[in-house]
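Chains, contacts and geometry: an overview
Read off the chains here:
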Amino acid sequence: MGSLGRVINISAEQGLYSTPVEIRVAASVTQLPIVRGLAETLVLLSDFTLDEVADIRLAVDEVCSTLIALAAPGTSLDCRFTIGETELRVEVTGVAGSEGMPDQRSFGWHVLRTLTDAVEATQSSYDSAVSGYPTTVEFRRVRGKA
């Protein structure tokens, strides 16, 4: 119990900055509220403005929805949130059932580019271990930027 108290104290001294938080959920729309809620809580605790919180929540929703639409049956999404001194980085990885990147000409992708400071999608070649194409979407949002 003494060492647990020490770990908590160290974490409190260092804060959330640069500490990645990860969650894995089923690639299903029923899991979107969980990921949105985690993202919202993290950025609220990290002094983002309410407008930035709303933008980030919407960006996370768009990324996850896009990857869910591409997902192979029975797969999951791995979400990683890293909050730095001046920005949030979000990386969401899923397994696409067929080859093909998210449509970067879609309205949703346009909204995503508008809400973030940088966004990138990548897809690896077919991976037989996961029976699909590992696909990742990453975005960055700078704190305090108008």
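Here's a quick rundown of the structure. (Residues numbered from 1 in each chain as written. Predicted model: local features only at pLDDT ≥ 70, side-chain atom pairs only at ≥ 80, totals over all residues. Heavy atoms only, no water.)

Another point: helix H3 (residues 50–70). The end-to-end C-alpha distance of H3, which contains 21 residues, comes to 31 Å, matching closely the 30 Å that a straight helix rising 1.5 Å per residue would cover. On its buried face, H3 sits against helix H2 (32–45), strand E2 (76–83), strand E3 (87–96), helix H4 (107–115) and strand E5 (133–142). (Helix = DSSP H or I, 4+ residues; strand = E, 2+ residues; numbered from the N terminus. Expected span 1.5 Å × (residues − 1). Contact = heavy atoms within 4.5 Å.)

This part covers the side chain of Arg-141. Structurally, the position occupied by Arg-141 is in strand E5. In this structure the side chain of Arg-141 is engaged in a polar contact, spanning 3.1 Å, whose partner is the side chain of Asp-55. Ignoring any residue separated from it by four or fewer positions in sequence, one finds Arg-141 in contact with Phe-48, Glu-52, Asp-55, Ile-56, Thr-86, Glu-87, Leu-88, Leu-115, Thr-116 and Asp-117. (Polar contact = N/O pair within 3.5 Å; in protein donor to acceptor, adjacent residues only side chain to side chain.)

Covalent bonding between the sulfur atoms of two cysteines is what defines a disulfide. In the structure shown here, the tally under the stated rule is 0 disulfides. Residue Cys-64 stays outside any disulfide, its sulfur separated by 4.3 Å from that of Cys-79, the closest cysteine. Relative accessible area serves as the criterion here: at 1%, Cys-64 is assigned to the buried category. In this structure Cys-79 comes out as buried when scored by relative accessible area, which is 2%. (Disulfide = S-S within 2.5 Å. Buried < 20%, exposed > 50% of the residue type's maximum accessible area, 1.4 Å probe, protein only.)

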